[in-house]
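Structural characterization, general
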Amino acid sequence: MVPISLAYKGQLRCTAIHDNSGATFVTDAPKDNFGKGESFSPTDLVATALGSCMITTMGIIARKEKMNINLDGTTIAIEKHMSADAPRRIAKLVARLTFPADISNQYRVRLKEIGDNCPVAKSLHPDIRLEISYNYPDSMADPFV
């Protein structure tokens, strides 16, 4: 169990506190939903959670399985698409992971399996469409991985 405390600060903003570490951040409603859009919205955090969970879980399992790979420098671009109809909700998340050049082919299928099955991905509502691509900068990469 991880305790998290939230306080509504008015004007569609909240402060969140990770009770174990004391780390804090502010959420703000997006401009298209009456907010100022000056910080992450709650649905932005869902998209952020997906990307950070994918790469963190890859790092954990790579370490556990002694893969001897370095994921430092991996980048993830996330797009969050909201539904056009009511009720307002996330309709689609697009994640594009780009890995360092030195990730060998022998680990690429395993990394995809790990990313696709991270805890956040498995916690999302099945109506949210996920489009995830795993990209490697070398020309020998299998486009279906």
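Residues numbered from 1 in each chain as written. Predicted model: local features only at pLDDT ≥ 70, side-chain atom pairs only at ≥ 80, totals over all residues. Heavy atoms only, no water.

**As for the packing of aromatic side chains**
- Evaluated as defined, the whole model comprises 2 aromatic pairs.
- For the pair phenylalanine 99 and tyrosine 134, a centre-to-centre distance of 6.3 Å together with 15° between the ring planes defines the contact as stacked. Residue phenylalanine 99 is located in the loop between strand S5 (90–98) and helix H2 (105–116), and its partner tyrosine 134 is located in strand S6 (residues 129–135); the two are separated by 35 residues in the primary sequence.
- Residue classification places phenylalanine 99 among the buried residues on the basis of a relative accessible area of 2%.
- For tyrosine 134, a relative accessible area of 5% translates into the label buried.
- Seen from their ring centres, phenylalanine 99 and tyrosine 136 are 4.8 Å apart, and the 10° between their planes marks the pair as stacked. (Phe/Tyr/Trp six-rings, centres within 6.5 Å; stacked < 30°, edge-to-face > 60°. Helix = DSSP H or I, 4+ residues; strand = E, 2+ residues; numbered from the N terminus. Buried < 20%, exposed > 50% of the residue type's maximum accessible area, 1.4 Å probe, protein only.)

**Looking at a nonpolar patch on the surface**
- There is a patch of nonpolar side chains on the surface, built from Val2, Ile4 and Leu6 and spanning about 310 Å² of accessible area.
- Examined against the element boundaries, leucine 6 turns out to sit in strand S1 (residues 4–10).
- In this structure leucine 6 comes out as exposed when scored by relative accessible area, which is 61%. (Patch = residues over 30% accessible without salt bridge, like charges linked within 9 Å, V, L, I, M, F, W, Y side chains within 5 Å. Areas by Shrake-Rupley, 256 points an atom, 1.4 Å probe, with all protein chains shown as cover. Salt bridge = Lys/Arg side-chain N within 4 Å of Asp/Glu carboxyl O.)

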